[in-house]
Amino acid sequence: MGETASVISRPLSAGTMYWLRGRAIGALIFAFFGASDMFWALSFARDVPQMCSKAIWIAGVALGGWSITQRLLLRRLSVPAVDKSIARQHLKHYASWFLVVVVIEVLSINVGRPILIHFHRLDLFPQWVEAVVGLHFLPLARLFKVPLFYATGVALVLVALGSLLIHVSNPRAITALAGSGLCLWATAIVILVQDAAYIRPAKT
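Computed from a predicted model, the values in this text were never measured in an experiment. (Residues numbered from 1 in each chain as written. Predicted model: local features only at pLDDT ≥ 70, side-chain atom pairs only at ≥ 80, totals over all residues. Heavy atoms only, no water.)

Peer 1: Account for a nonpolar patch on the surface, with residues named and values stated.
Peer 2: Taken together, the side chains of Leu135, Leu138, Tyr150, Val154 and Leu158 make up a nonpolar region of the molecular surface, amounting to roughly 450 Å² of accessible area. When contributions to the nonpolar patch are tallied by element, the ones reaching two or more residues are helix H4 (125-143) and helix H5 (148-162). Tallying contributions element by element places H5 first for the nonpolar patch, with three residues. Within the secondary structure, Leu138 is located in helix H4. (Patch = residues over 30% accessible without salt bridge, like charges linked within 9 Å, V, L, I, M, F, W, Y side chains within 5 Å. Areas by Shrake-Rupley, 256 points an atom, 1.4 Å probe, with all protein chains shown as cover. Salt bridge = Lys/Arg side-chain N within 4 Å of Asp/Glu carboxyl O. Helix = DSSP H or I, 4+ residues; strand = E, 2+ residues; numbered from the N terminus.)

Take a look at the structure:
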């Protein structure tokens, strides 16, 4: 048999469909924050070539565009009808716990700043931020059932701690931030590549 135009007719449960759409949104968020980390890293560098900024913009926009495109393509997949009240309950459950995790993350980041200032180590703030962000992925991995987030969280923490081996403050901050940005971009790419299987052509 030939190939169908796409696997849009592939039957999916409503839960799987919402899960895939959420992953696409997650990839978009990682594209944005990965670029933010990269630009923050550039702020610690001297005489940065203009091409570096352009490269970050291009990579961030490309990943963001890929995420949005995949999100739109996923909307075309057939999904069985579901009870709207049940769907709202599930959405409320995930949104509530996600909000709790994010609030704890933001509070932890903001609490860390005055502590570092007190000990005259504000130069370690990038490491603090990336370590907290890494830890916040661990509960999210369980909440959203995405094991990949465990790897992302551990990688961010290891990059933040590993950068402490560098004794010069600016290179240390650049390593922590650029490394974390690459981890977020890598996570976005893995998600998009994995989920592309639901929308690319399939043999019948």
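That covers the picture; the talk isn't over yet.
Peer 1: An account of the pattern of salt bridges is needed here, citing residue identities and associated values.
Peer 2: What the rule picks out here adds up to three salt bridges. Residues Asp123 and Arg121 are paired through a salt bridge, measuring 3.0 Å at the closest nitrogen-oxygen approach. The class for Arg121 is partly exposed, based on a relative accessible area of 35%. In this structure, the salt-bridge partner of Asp123 is Arg172, at a minimum N-O distance of 2.4 Å. Placement of Asp123 in the loop between helix H3 (84-118) and H4 and of Arg172 in helix H6 (residues 169-195) is noted, with a sequence separation of 49 residues between them. What makes Arg172 buried here is its relative accessible area of 5%. (Buried < 20%, exposed > 50% of the residue type's maximum accessible area, 1.4 Å probe, protein only.)

Peer 1: For the packing of aromatic side chains, give the residues involved together with the corresponding values.
Peer 2: The geometry of two aromatic rings is summed up by the distance between their centres and the angle between their planes. Under the definition given, this model contains eight aromatic pairs. Relative to Phe33, the ring of Phe32 lies with its centre 5.1 Å away and its plane at 80 degrees, an arrangement referred to as edge-to-face. Ring centres of Phe137 and Phe149 lie 5.6 Å apart, and the angle between their planes is 70 degrees; on these two criteria the pair is classed as edge-to-face. Here Phe137 is found in helix H4, whereas its partner Phe149 is found in helix H5, with twelve residues between them in sequence. An aromatic cluster is present here, built from Phe30, Phe137 and Phe149 joined pairwise through their rings. (Phe/Tyr/Trp six-rings, centres within 6.5 Å; stacked < 30°, edge-to-face > 60°.)

Peer 1: Which residues make up the side chain of Gln70, and what are the values?
Peer 2: Along the chain, the position of Gln70 falls in helix H2 (residues 50-74). Non-local contacts of Gln70, meaning those with residues more than four positions away in its chain, are made with Ile191, Leu192, Asp195, Ala196 and Ile199. (Contact = heavy atoms within 4.5 Å.)

Peer 1: Help me get a handle on the confidence of the model for the chain, residues and values and all.
Peer 2: On average, residues of the chain score 87 in pLDDT, and 85% of them are at 70 or above. Predicted confidence in the chain is weakest over H3, with a mean pLDDT of 86, and strongest over H5, with 97. (pLDDT = per-residue confidence, 0-100.)

Peer 1: Describe the nonpolar core, naming the residues involved and giving the relevant values.
Peer 2: Residues Phe30, Phe137 and Phe149 are the most contacted members of the largest nonpolar core, which totals 29 residues. Looking at this core, the elements that each hand over two or more residues are helix H1 (14-42), H2, H3, H4, H5 and H6. The greatest single-element share of this core, amounting to eight residues, is contributed by H4. Sequence-distant contacts of Phe30, defined by excluding residues within four places in its chain, comprise Phe137, Phe149, Leu184, Trp185, Thr187, Ala188 and Ile191. (Core = buried A, V, L, I, M, F, W, Y, C linked by side-chain atoms within 4.5 Å.)

Peer 1: Describe the environment of Leu177, listing the residues and the values that go with them.
Peer 2: Within the secondary structure layout, Leu177 lies in helix H6. Sequence-wise, Leu177 and Pro126 are 51 residues apart; in three dimensions their C-alpha atoms are separated by 6.7 Å.

Peer 1: Could you give an account of unusual backbone geometry, naming the residues involved and the relevant values?
Peer 2: Backbone geometry at His120 places phi at a positive 60 degrees, although glycine is not the residue there. Take His120: it is sitting in the loop between H3 and H4. Of note in this structure, Lys145 is not a glycine but carries a positive phi near 55 degrees. Note that Lys145 resides in the loop between H4 and H5.

Peer 1: Lay out the side chain of Glu105 with the relevant residues and their values.
Peer 2: Structurally, the position occupied by Glu105 is in helix H3. Within the buried core, Glu105 has no salt-bridge partner, and the shortest N-O distance to an opposite charge, that of Arg113, equals 15 Å. Each residue touching Glu105, except ones within four places of it in the same chain, is listed here: Val132, Val133 and His136. (Lys, Arg positive; Asp, Glu negative; His and termini not counted.)

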